[in-house]
Every structure is written in C-alpha cells, then in structure tokens.
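Structural characterization, general
The residues making up each chain are set out below.
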Amino acid sequence: MTDGNEERTFAALPPAQGQGFAQTWWGRAWLKALEDAALDSEPVKTGRRLARTGAVGAVSVRPGRVTAVVRDRDGTAHRSDVLLQELSGEQWDRFLDMAVERAGHVAALLDREMPPHLVEDAAASGVELLPGLGDLEAECDCGAWDHCGHTAALCYQMARLLDQDPFALLLMRGRAERTLLDELQARGSATAKNRPDAEPAPQGVDAGEAYAAGDILPPLPAPPVLPEVPGRPPSLDTEAAPAPGVDPAALEFLATATAAEAHRLLAEALSPTHGQEAPAELTVGQDAVRLAALAPEGAIVERLADGSGRDRQELALAVRAWHHGGVVALAVLEDEWAVEAEALTRARAALEAAWDEGERPRLRATHNRWTAVGRPAQLRLGRDGRWWPYRKERGRWTPAGPAAGDPATAFAMAQGDPGGDPMSG
C-alpha cells in the first residue's frame, strides 16, 4: 500500500472464499448503501461473485472517488469508479470541533475503529460520514448507466478495506489521514489553552446511541450448545519427569475439577434463571471441601485436608455435609450459634406442632442444636430456618441427610440408615 497526501493505493486482496465481505459495522453500513439502492439485484450478485473470486485489482482511494480495474470471468478488464461526495470545508470544521471535544473519538480512529457514537455525534453536527441511500454513484467503462457488476465488486472490495482502515472513508470524504490528524492536534492544543481547567469528556458509548445503530449491527450469536458431559483434560502420564514441585496427579485432578466446574457454570448461564444473585465466593477451606467432594484419592486427599485445616476424619464429615447442601450445610456442620429470640420462638412452635401429643421425643436444646435424650439423633437449625438431621456415629455427630422444613421429617432421617461414607477408606 502506498500513501500519498491525497491518494492511497491498496494492493489487491486475495479471494474472499468462505468469508463475509464486511466484519465491522461501518463496513456493513457501506454495503447497505449499495444494496439498498440497487434497482436490479443481479448486478449486485454479479459483483459479489467477482469480488469473491479476486477479480478486483489494486484499489486507489482519493477524495470523492475510489478506482480499480475489475476483470470479468473471461478476463476482460474494466476501469470502475465509485463516487462519494466530499464534505464541505464548513462540514469538516464542524466535524473537527466535535472530535476534539471527546478524546475517545480520536483514540478510536487511531485504533482503526469507527464507534457508533462517533458517527452519531458527527451526524448531530450535520456531518454524515457513512454513505446513505443513493450516495454511492457509479462510473464504469463497460457503459452501464447505474451500478454494474464491476462497480458492485469494487464496493464489496472497499468494504473489506474499510474493515481494516476507516481512514479510507475519511479520505473519500476529502481529508487524508495525516492532514486530518494534524488538524485535530492543532485544534486540541488550542482548545486546551483556552480551557485549561476543563474536565475531560466522559468516555464510552451512550446506550441510546448504541441502540440507534441496531439496524446495521450484526445480530447476537445463538447461545452455545451445552455438552452432555464435561470435557476430558489431557493425560499427564508421560515418560518425561515432572518439573520440580509439580505433582502430575494433583494437576490432572485440578484440570478435571475445573472442566466439571466450567460445565456447571455454562449450564447455569444457559438456564432460564440465569441472572439471579451470584453466590458468594468460597473461602479456601470451603473450596478444599468442594474439591474433596469430587472423590479424589491418596495424597490429594491429604493435601486437601491440610489445606482446609482439617484432619482426614474432619474432612470426611465436611464432604458428607457438602453433598447434602453445599456451603449452607457446611456452615451447619461447623458453626454453632445462639438463636435469636424471634427465630427461637418459631423453632419451638415448629417442634411443638411436628408431633402428636405423647410422640414428641425429648430434646435438649443447646444454641441451634436440639439433641434427643437417650437417642443418637440430633436436629440442627440453619440460619434459613430449615432443620438438618444429624446422627452420632463412632462418637461424632455426622450429617444424616439434606435439610427439611419439618423437624419431624429431619428427625426421621436422623434415625435412619447411616449409608456409605464417600470418604471412607
């Protein structure tokens, strides 16, 4: 690509097989001006086919005009031009004054971006940067009086160039990149001198402006399909010795656990209830229990126990609680708290109503725990008002099931079959 003060020449682009001609919203706006104004759709289709096969040669861009040689399928060459009216000096003055008011406009152009709010602000100043219906005029030596396949092909190729560099559009409107940037810098310096205490303009895109550009922005992609099961991480069982401090078994376990967690998070994101309040971040001790609940083996369990501040048996109890109710169940296992007066009144009323006269077990209350006298059963009241069943096994109070709203139901679970321990052995 050569770059002169008033003309730029872009080398011919390769064929566009299997891809769209415009990836940016301003590139699509350029094509929309062509396609909406076409009286006959056939030249537009022909132009799209020619551009896709690489029939458009080097593209010359200068104020008011873009030119290229376009070859027919039989190899015949045609000089084709697409014309766009230049902005007047007064319009450029309004555009430059508007641009220096918001530094984000200049920064976006330097990043080869043309955000919707720049175009909207320019339009509000009476300056239309992007072409509208009928703004792209055609000239071609094939003799067509309107857009032909050759000028349409040039328009499609120009959309690809605009994707790469929106300054090409500004050059068609009458200002070369270097000239434009010099004028912006000069006006910015003058503005800063005149208003030394002025606060910088806010950055970002106004929501109303972004919404107004919705007719030329692409639609959102469809949500991804949830895989049936989490992916399997690669095996680290190789002949190469691990680096110092690296435990391959622990690393494989973490990769598997991460894949499972990613699958769970994706399932939540795709569910109809997505957007509800996010759960609180886990502490190190809670996260160690979460990982241990995935049933690791051997040294990994020992490391998780050490990391959570528990011994092996304490970790086994924590894992059992986690299986019954996650973070809430873990808090019921490990925390003991005094029940406030109002909650205590409701709890006593629930206990009185849970059994018929003469059937209620004798319960001794200690804070949020009610222990059955003479039986290895206990009820624990969660902070959410639910009852958790506990059973004494080998001298330890052990979670016996999920929470229940009815204390009698929870007590029945506390007296049932203890079941297997996922961390035993």
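Scroll up for the structure.
Let's talk about the overall build of the chain
In terms of regular secondary structure, the chain is built from 15 helices and 11 strands. The proportion of buried residues among the 425 residues of the chain is 39%. Expressed as a percentage of contacts within the chain between residues at least 6 apart in sequence, the contacts between residues at least 24 apart total 65%. Total accessible area computed for the chain in this model is approximately 23,600 Å², and 52% of it derives from carbon and sulfur atoms.

Points about the state of the cysteines
Tallying each qualifying case throughout the model produces 0 disulfides. You can see Cys 142 has no disulfide; the closest cysteine sulfur is in Cys 140, sitting 3.6 Å from it. With a relative accessible area of 32%, Cys 142 lands in the partly exposed category. The thiol sulfur of Cys 148 is not disulfide-bonded, and the nearest other cysteine sulfur, from Cys 142, lies at 3.7 Å. What makes Cys 148 buried here is its relative accessible area of 7%.

Things to note about the pattern of salt bridges
Close approach of charged atoms lets side chains of opposite charge pair. This model, assessed by the stated rule, comprises 22 salt bridges. Linking Glu 42 and Arg 49 is a salt bridge whose minimum nitrogen-to-oxygen distance equals 3.9 Å. Since its relative accessible area comes to 39%, Glu 42 is described here as partly exposed. Judged by relative accessible area, which is 45%, Arg 49 ranks as partly exposed. Members of the salt-bridge network, linked through shared partners, are Arg 65, Arg 79, Asp 81 and Glu 139.

Some remarks on the nonpolar core
By size, the foremost hydrophobic cluster in this structure holds 42 residues, and its most contacted members are Trp 30, Val 59, Val 61, Val 66, Leu 130, Leu 136 and Met 158. Where this core is concerned, the elements lending two or more residues are α1 (25–37), α2 (41–52), β3 (59–62), β4 (65–71), α6 (149–164) and α7 (167–172). Discounting residues that sit within four places of it in the chain, Val 61 has contacts with Glu 6, Glu 7, Arg 8, Phe 10, Val 66, Met 158, Ala 168, Leu 171 and Met 172. Grouped together as the second largest cluster of nonpolar side chains are 26 residues, Ala 257, Leu 315, Ala 329 and Leu 330 included.

Remarks on α6
Taking 1.5 Å of rise per residue, 16 residues should cover 22 Å, and α6 covers 23 Å from first to last C-alpha, within 8% of that figure. Burial analysis of α6 places 15 of its 16 residues in the buried class, the great majority of the element.

Brief notes about the packing of α2 against α6
Between α2 and α6, whose axes approach to 7 Å, the crossing angle comes to 55°. Between α2 and α6, the angle is such that the two are oblique. For the pair α2 and α6, the crossing hand works out as right-handed. On α6, the residues that touch Pro 43, Val 44, Thr 46, Gly 47, Arg 48, Leu 50 and Ala 51 of α2 are Gly 149, His 150, Ala 152, Ala 153, Tyr 156 and Gln 157. Residues that form the contact of α2 with α6 fall into these classes: 7 nonpolar, 5 polar and 1 charged.

Observations regarding the environment of Leu 162
Mapped onto the fold, Leu 162 is located in helix α6. According to the relative accessible area criterion, Leu 162 is buried, its value standing at 0%. When the C-alpha atoms of Leu 162 and Ala 22 are compared, they prove to be 8.2 Å apart, with 140 residues separating the residues in sequence. Each residue touching Leu 162, except ones within four places of it in the same chain, is listed here: Trp 26, Trp 30, Ala 168 and Leu 169.

Remarks on the side chain of Asn 368
Mapped onto the secondary structure, Asn 368 falls in the loop between β7 (363–366) and β8 (369–372). Excluding residues within four positions of it along the chain, Asn 368 makes contact with Asp 335, Glu 336, Trp 337, Val 339, Leu 379, Arg 380 and Leu 381.

A few points about the packing of aromatic side chains
Applying the stated criterion across every chain yields a total of 5 aromatic pairs. An angle of 85° between the planes, with centres 6.3 Å apart, marks the rings of Trp 25 and Trp 26 as edge-to-face. When its relative accessible area of 8% is taken as the criterion, Trp 25 is described as buried. Taking 5.3 Å as the distance between ring centres and 65° as the angle between the ring planes, the aromatic pair formed by Trp 370 and Trp 387 counts as edge-to-face. Highlighted residues: Trp 370 in strand β8 and Trp 387 in strand β10 (residues 387–393), separated in sequence by 17 residues. Looking at Arg 380, its charged tip hangs above the ring of Tyr 390, at a distance of 3.9 Å from the centre. The ring of Trp 337 has Arg 383 sitting right over it, with the charged end atom 4.0 Å from the ring centre.

Comments concerning a negative patch on the surface
On the surface, a cluster of negative charge is made up of Glu 120, Glu 128, Asp 135 and Glu 137. Mapped onto the fold, Glu 137 is located in strand β6 (residues 137–140).

A look at the sheet that holds β8
Spatially, the 5 strands line up as an open sheet ordered β7-β8-β9-β10-β11, and their pairing is antiparallel. The two strands at the open ends of the sheet, each matched to only one other strand, are β7 and β11 (396–399). Neighbour-to-neighbour, the strand axes of the sheet open up by a mean angle of 30°, direction not taken into account. Together, β7, β8, β9 (377–381) and β10 form the strand contacts of helix α15 (residues 407–414), whose direction differs from that of β10 by roughly 20°.

Focus: the pairing of β11
Relative to β11, β10 runs antiparallel, the two sharing 4 bridges. Residue pairing in the sheet places Arg 391 in a bridge with Thr 398 of β11. Hairpin connection from β10 to β11: 2 residues lie between these consecutive antiparallel strands, with Arg 394 at a positive phi of about 50°.

Conventions we followed
Residues numbered from 1 in each chain as written. Predicted model: local features only at pLDDT ≥ 70, side-chain atom pairs only at ≥ 80, totals over all residues. Heavy atoms only, no water. Helix = DSSP H or I, 4+ residues; strand = E, 2+ residues; numbered from the N terminus. Buried < 20%, exposed > 50% of the residue type's maximum accessible area, 1.4 Å probe, protein only. Contact = heavy atoms within 4.5 Å. Areas by Shrake-Rupley, 256 points an atom, 1.4 Å probe, with all protein chains shown as cover. Disulfide = S-S within 2.5 Å. Salt bridge = Lys/Arg side-chain N within 4 Å of Asp/Glu carboxyl O. Core = buried A, V, L, I, M, F, W, Y, C linked by side-chain atoms within 4.5 Å. Expected span 1.5 Å × (residues − 1). Axes fitted to C-alpha atoms, helices over the stretch in contact; angles between N-to-C directions. Parallel < 35°, antiparallel > 145°, perpendicular 65-115°, else oblique. Left-handed = near helix turned anticlockwise from the far one by under 90°. Nonpolar A, V, L, I, M, F, W, Y, C, P; charged D, E, K, R; others polar. Phe/Tyr/Trp six-rings, centres within 6.5 Å; stacked < 30°, edge-to-face > 60°. Lys NZ or Arg CZ within 6 Å of the ring centre and 35° of its normal. Patch = residues over 30% accessible without salt bridge, like charges linked within 9 Å, V, L, I, M, F, W, Y side chains within 5 Å. Lys, Arg positive; Asp, Glu negative; His and termini not counted. Charge placed at Lys NZ, Arg CZ, Asp CG, Glu CD. Pairing = 2+ DSSP bridges.

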